[in-house]
Amino acid sequence: MGGNAAEAHPVGFRWVVEAKQRRGATFVVVDPRFNRSASVADFYAPIRSGTDIAFLGGVINWLIANGKINWDYVKNYTNATFIVHDDFDFNEGLFSGWDKEKNAYTDKSSWNYKMDENGDAVVDPTMEDPRCVFNMMKKHYASYTPELVSTITGTPVEEFLKVCEILGTCSAHNKVATFLYALGWTQHTIGSQNIRTMAMIQLLLGNIGMPGGGVNALRGHSNIQGLTDLGLLSTNLPGYMPLPSEKQTTIDTYLSQVTPKATRPDQFNYWGNTPKFFVSMMKTFWGDKATKENGWGFDWLPKWDQMYDVLRVFELMKQGKMNGYFCQGFNPVASFPNKNKTIAALSKLKYLVVMDPLVTETSTFWKNYGESNDVDSSKIGTTVYRLPTTCFAEEDGAVVNSGRWLQWHWKAADAPGEALPDANILSGILYEVRRLYKEHGGVNPEPLMNISWKYDIPTAPHPDELAKELNGYALADIKDADGNVILKKGQLISSFAQLRDDGTTASGCWVYAGSWTEAGNQMANRDNSDPSGLGNTLGWAWAWPANRRIIYNRASADRDGKAWDKERALIFWNGKKWTGYDVPDFKADEPPGSAMNPYIMNPEGVSRLYAIDKMAEGPFPAHYEPMESPIGVNLMYPKVLNNPAVRIFEDDRKELGTMEDYPYVGTTYRLTEHFHYWTKHALLNAIAQPEQFIEMGEALAAEKGIANGDWVKVWSKRGFIKAVAVVTKRIKPLDVNGKRIHHIGIPIHWGYEGLTKQGFIANTLTPSVGDANTQTPEFKTFLVNIEKAEGGR
């Protein structure tokens, strides 16, 4: 659900097929299209794009009503027993704390737990209190009945109930479900809450921390996981630490605000170690220049005043508030929403630097293929600098996959022409800027002039050096609690448990500590033996954290330390320590029955059915319509149509279409034959899928007089594209609130560069609006119209 693994992740999909064929697994697909995954599924249910929370909330309601709950797991390992703050409320689609005048949640204090005089969360082990999380959740989803779910989603009631029944069997201790999702869940204005809702289902079923369980993201790139690990989001630092805000003016203020305190007695609260992770990172950044006296260089870190995600960056660019833009490994003209806005924004820059192995539409943005308002390049003052980089096969390095595995790869070929690794280009820029600062001076020189850059060849860091730097070093002899030296000065860190907050350790990314130790490059390990038979190959590559393959695996055993499922025991207590077939996500010598709980990254020690103040829209996911709704009403909460916390700028609201003018639901997707926008440069891929097409169902094609192979025009409020029509049986109309809803499928891979036929860009059609938490654009559901193209192409 929210993914199509057979099409977009065919290598990983082999394990789904093997599970079916060898282990008798049941495979279910829920999707607007009867896609390639559905073609081999045991059961398929259609759904209207953008209504996943209505569907999943209905599953929660059904599980509770039918008692399909793993009660031992829920009572012990979730916050189901915690009491919610007295002031918390949810009324007609809005949570408490909503400010009508500011149109935002300005006060989230009521979203917390009820706390006692000691600052601990109040719990009710009996779950009789009406304000305990479980009862509040039950009340919240009581309205998500099968009939209303069907009316909203278009999923027939009997097919929805069949999915519920299949999932309900997995509440047993000896049966596990896993959920595979991809951009079909994330690319919505409620994308984060889509995933939250499914995680809640898995917690109710007791399937988190279990072998074969979890909620598993199918990443769009092999190294997207690495991107988030290393803090490349605008307000993140490496290792998922937040970048300081402008209100956090000292390191003490910052650390006191971002380091959580345990909210139940004796909880482990591993994020309590944040000062150790942060100081070690700062020593990596600025080396000897970072001292206790200067707050470890805290003043040299940038401080954010607002989110600088790509939605905001291009808005600022469009307003003429940016002079230049470095575009590294990104093709926003093709991959960012509302292509016409993107091109208009790039046209206002003084300079654009594109670092990429290939010619991209962004590097030639002025071409603006196919639009009636083609950009007049004579009126553009933007100077474009193209810096050719290597691709992954032309350098050593690691990729981090969905399972958090860091897998080392080796250089296969030299780069052509003048192409250089990204690190070399960035190092060269750093040294040139430093030279200019020395010769001419400049504003705020310390962050650049003090940065630590101790590589054998400063302008050409080797991937080995970078990997070891991320892992970390001892800057002095490191001793244990008994005074024994466990690491000598200069040695590589072997565990994040060795990190210190006194400046004696350095680690660029604490979750990577242990990936390259004195024993060698752990990421290069290639032992695929699996003594457990559970798919846990601990000798293959290295997984963060600590080479642990299943996070929160303590939850795979009961309170007494016995595996819930003895046939698939992952870790267990042997009387002296935790052992088994994975690295325990727990203190190895902490006996069962202690107050410490499995979810050590949460200050309450348990998982969250109720998310307190972490989500922008509220602690419980709620159904909201897409920003462009094909029915124009939220049948669940009629007074609140869309996500109230949605990420959108006022000018972009004017670019939203209505169902009267644009009656059909457009959705983008990927094909097996192409990888994003890269492989249109490869001849064999271009031959396999040479040009853009539009997929539509037979019923809609008949209504519009369109035949297979006809040229069609598809347009939204933002612009239009033309392409060949592919009429299929894979997309059926759905009955939604008495209205017939049609979907139109739009693959994303083509543009006006490469060896494929020059054509339109799919994201000409998509709106500039994003998820309230991640700002991920809403590519999977928007409104369009379609007609047969006059005169063909």
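Here the structure is a predicted model, which is why all the values come from computation and not from measurement. (Residues numbered from 1 in each chain as written. Predicted model: local features only at pLDDT ≥ 70, side-chain atom pairs only at ≥ 80, totals over all residues. Heavy atoms only, no water.)

### Section: the overall build of the protein
For the protein, the count of helices and strands is 21 helices and 32 strands. Scaling as 2.2 N^0.38, a compact globule of 793 residues should have a C-alpha radius of gyration of about 28 Å, and the protein matches this with 27 Å. Taking the principal axes of the C-alpha coordinates as reference, the protein spans close to 85 × 70 × 55 Å. The long-range fraction of contacts in the protein, counting pairs at least 24 apart against all pairs at least 6 apart in sequence, stands at 69%. Total accessible area on the protein is roughly 33400 Å²; 52% of this is exposed by carbon and sulfur atoms. (Helix = DSSP H or I, 4+ residues; strand = E, 2+ residues; numbered from the N terminus. Rg over C-alpha atoms; globule rule 2.2 N^0.38 Å. Contact = heavy atoms within 4.5 Å. Areas by Shrake-Rupley, 256 points an atom, 1.4 Å probe, with all protein chains shown as cover.)

### Describing the UniProt feature "domain: Molybdopterin dinucleotide-binding" (unreviewed entry) in the protein
Mapped onto this structure's residue numbering, the UniProt feature "domain: Molybdopterin dinucleotide-binding" (unreviewed entry) falls at residues 667-782. Helix makes up 11% of residues 667-782 and strand 29%, and the two end C-alpha atoms of the span are 7 Å apart. (UniProt positions renumbered as here; feature names shortened; annotations may be inferred.)

### Quick notes on the sheet that holds strand S27 (residues 711-715)
Ordered in space as S25-S31-S26-S28-S27-S32, the 6 strands form a closed barrel in which the pairing is mixed. Neighbour-to-neighbour, the strand axes of the sheet open up by a mean angle of 45°, direction not taken into account. One ladder, built from 5 bridges, connects strand S25 (residues 664-669) with strand S31 (residues 743-747); its direction is parallel. By the bridge assignment for S31, Thr668 is matched with Ile746. (Pairing = 2+ DSSP bridges. Axes fitted to C-alpha atoms, helices over the stretch in contact; angles between N-to-C directions.)

### Re the domain arrangement of the protein
Once the domains are mapped, the protein shows domain 1 (5-217) and domain 2 (650-788). Each of domain 1 and domain 2 has a C-alpha centre, and these two points are 29 Å apart. Across the boundary between the two partners, domain 1 contributes 28 residues, which contact 29 residues of domain 2. Carbon and sulfur atoms make up 52% of the surface buried where domain 1 meets domain 2, a total of about 2300 Å² over both sides. When the area that domain 1 buries against domain 2 is broken down by residue, the three leading residues are Arg33, Gln187 and Thr189, summing to 30%. The interface formed by domain 1 and domain 2 holds 2 salt bridges in total. Two residues, Arg36 and Glu673, come together in a salt bridge whose shortest N-O distance is 3.4 Å. Across the contact surface, domain 1 and domain 2 share 14 residue pairs in polar contact (both at pLDDT 80 or more). Among the secondary structure elements, those contributing two or more residues to the side of domain 1 that touches domain 2 are helix H1 (5-8), helix H6 (146-153), helix H8 (183-186) and helix H9 (191-205). It is H6 that provides the largest number of residues to the side of domain 1 that touches domain 2, a total of 4 residues. Across the side of domain 1 that touches domain 2, the residue classes tally to 9 nonpolar, 15 polar and 4 charged. (Domains from an automatic or database assignment. Buried area = accessible area lost by both parts, 1.4 Å probe. Salt bridge = Lys/Arg side-chain N within 4 Å of Asp/Glu carboxyl O. Polar contact = N/O pair within 3.5 Å; in protein donor to acceptor, adjacent residues only side chain to side chain. Nonpolar A, V, L, I, M, F, W, Y, C, P; charged D, E, K, R; others polar.)

### Describing the pattern of salt bridges
Counted according to the given criterion, the structure contains 31 salt bridges. Across the pair Glu18 and Arg22 runs a salt bridge, and its minimum N-O distance is 3.8 Å. With a gap of 4 residues between them, Glu18 and Arg22 both fall in helix H2 (residues 10-23), about one helical turn apart. On the basis of relative accessibility, which here comes to 25%, the residue Glu18 falls in the partly exposed class. (Buried < 20%, exposed > 50% of the residue type's maximum accessible area, 1.4 Å probe, protein only.)

### A closer look at the environment of Phe160
Mapped onto the elements, Phe160 comes out in helix H7 (residues 157-168). Take Phe160: its relative accessible area is 0%, and that puts it in the buried class. Along the primary structure Phe160 and Asn424 are separated by 264 residues, whereas in three dimensions their C-alpha atoms are 54 Å apart. Other than its neighbours up to four places away in sequence, Phe160 contacts Phe55, Gly58, Val59, Pro146, Val149 and Thr155.

### Quick word on the side chain of Thr668
Along the chain, the position of Thr668 falls in strand S25. Judged by its relative accessible area of 4%, Thr668 falls in the buried class. One polar contact links the side chain of Thr668 to the main-chain carbonyl oxygen of Phe779, over a distance of 3.3 Å.

### A closer look at the packing of aromatic side chains
Tallied over the full model, the rule gives 46 aromatic pairs. With a centroid separation of 5.6 Å and 75° between ring planes, the pair formed by Phe365 and Trp366 is classed as edge-to-face. Classification of Trp366 as partly exposed rests on a relative accessible area of 32%. When the ring of Tyr624 is compared with that of Tyr637, the centres are 6.4 Å apart and the planes differ by 45°; the resulting orientation is tilted. (Phe/Tyr/Trp six-rings, centres within 6.5 Å; stacked < 30°, edge-to-face > 60°.)

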